[in-house]
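Understanding the architecture of this molecule
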Amino acid sequence: MNDKMINILLVDDHSMVIEGMKAILSNMPFIRIAATASNAFEALASLKAHSIQLAFLDINLPDINGIELCARIKKEFPLTAIIGLSTFKQRSYVSQMINNGASGYLVKSAGREEIEEAINSVLAGKMYFGADINSNKPETISEEDAPTLTRREKEILVLIAEGMNSNQIAEKLFLSPYTVDTHRKNLLTKFNVGNTIILIKKASGFGFL
């Protein structure tokens, strides 16, 4: 690694994760944390305001998931390298991130040495996958079938599984019934099923419930 400072963007909606990453990265002399963001809007604004060489991007962001955001960042800021950061080890998530332009993928339990190795590899133009990604295969989800859900879709999926109807879910989540119905239809489409019973069964088999 040369002496040039590397501007990094941290994107995660959990402050504990941001603070933890800051603590680890602050001990690396070539790193400057230029900005942090808790959602896609803040992330894109930070990329416009700063010259970012590398972004750590959480997959499970509110509303727009990290996989979709990754594709948008690479389209608008092609010179910014991206490392996916998540609690998920499934290869389907890894594949989708890489297909959308990410250069690496780490689980959030990664230590300082692994994070530094990932940064060095990605900035050198190489791909990097954390040890947990290389050594673990998905237990229930296949690459071909795994849907990517937003946090809101996951919330609604759980409530559907609990037997709530759209009106009850809307009241609980402070949404309109129309919005809930839209999410419900999206879930049926993403799981490629025709009714709620099969949706719950399939989601459970994939490990979402």
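Located above this text is the structure these notes cover.
So, here is what we can say about the structure in this document. (Residues numbered from 1 in each chain as written. Predicted model: local features only at pLDDT ≥ 70, side-chain atom pairs only at ≥ 80, totals over all residues. Heavy atoms only, no water.)

Things to note about the sheet that holds strand β1 (residues 6-11)
On the basis of which strands lie adjacent, the open sheet formed by six strands has the order β2-β1-β3-β4-β5-β6 and parallel pairing. Sheet topology places β2 (31-37) and β6 (128-129) at the edges, where each strand pairs with a single neighbour. Examined bridge by bridge, strand β4 (residues 81-86) and strand β5 (residues 104-107) share four bridges and lie parallel to one another. In the strand pairing of β5, S86 is matched with V107. (Pairing = 2+ DSSP bridges. Helix = DSSP H or I, 4+ residues; strand = E, 2+ residues; numbered from the N terminus.)

So, the nonpolar core
A general tendency of soluble globular proteins is for nonpolar side chains to be buried together. Counting 41 residues, the largest nonpolar core has L9, L57, M97 and F191 as the members making the most contacts within it. When near neighbours in sequence (up to four residues on either side) are disregarded, F191 contacts P147, L149, L157, L199, K202, A203, F206 and F208. Formed by 21 residues, the second largest nonpolar core is a distinct cluster that contains L10, L25, L106 and A118. (Core = buried A, V, L, I, M, F, W, Y, C linked by side-chain atoms within 4.5 Å. Buried < 20%, exposed > 50% of the residue type's maximum accessible area, 1.4 Å probe, protein only. Contact = heavy atoms within 4.5 Å.)

Points about unusual backbone geometry
For F174, which is not a glycine, the phi torsion comes out positive at approximately 60 degrees. Tracing the chain through its elements places F174 in the loop between α8 (166-173) and α9 (177-191). A positive phi angle, near 55 degrees, is found at N192, a position not held by glycine. Relative to the helices and strands, N192 is located in the loop between α9 and α10 (196-205). A residue is classified by how much of its surface remains accessible, and N192, at 65% relative accessible area, is exposed.

Notes on the pattern of salt bridges
The final tally for this structure, using the stated rule, is eight salt bridges. Between D13 and R151 there is a salt bridge, with the nearest N and O atoms lying 2.1 Å from each other. One end of the pair, D13, is in the loop between β1 and α1 (15-25); the other, R151, is in helix α7 (residues 151-161), with 138 residues separating them in the sequence. We classify D13 as partly exposed; its relative accessible area is 22%. Taking the shortest distance from any N to any O, the salt bridge between K108 and D58 comes out at 3.4 Å. Of this pair, K108 sits in the loop between β5 and α5 (112-123) while D58 is found in strand β3 (residues 54-58), placing the two residues 50 residues apart along the sequence. Take K108: its relative accessible area is 28%, and that puts it in the partly exposed class. Assessed through its relative accessible area of 2%, D58 is described here as buried. Each of D12, D58 and K108 takes part in one network of salt bridges that share partners. (Salt bridge = Lys/Arg side-chain N within 4 Å of Asp/Glu carboxyl O.)

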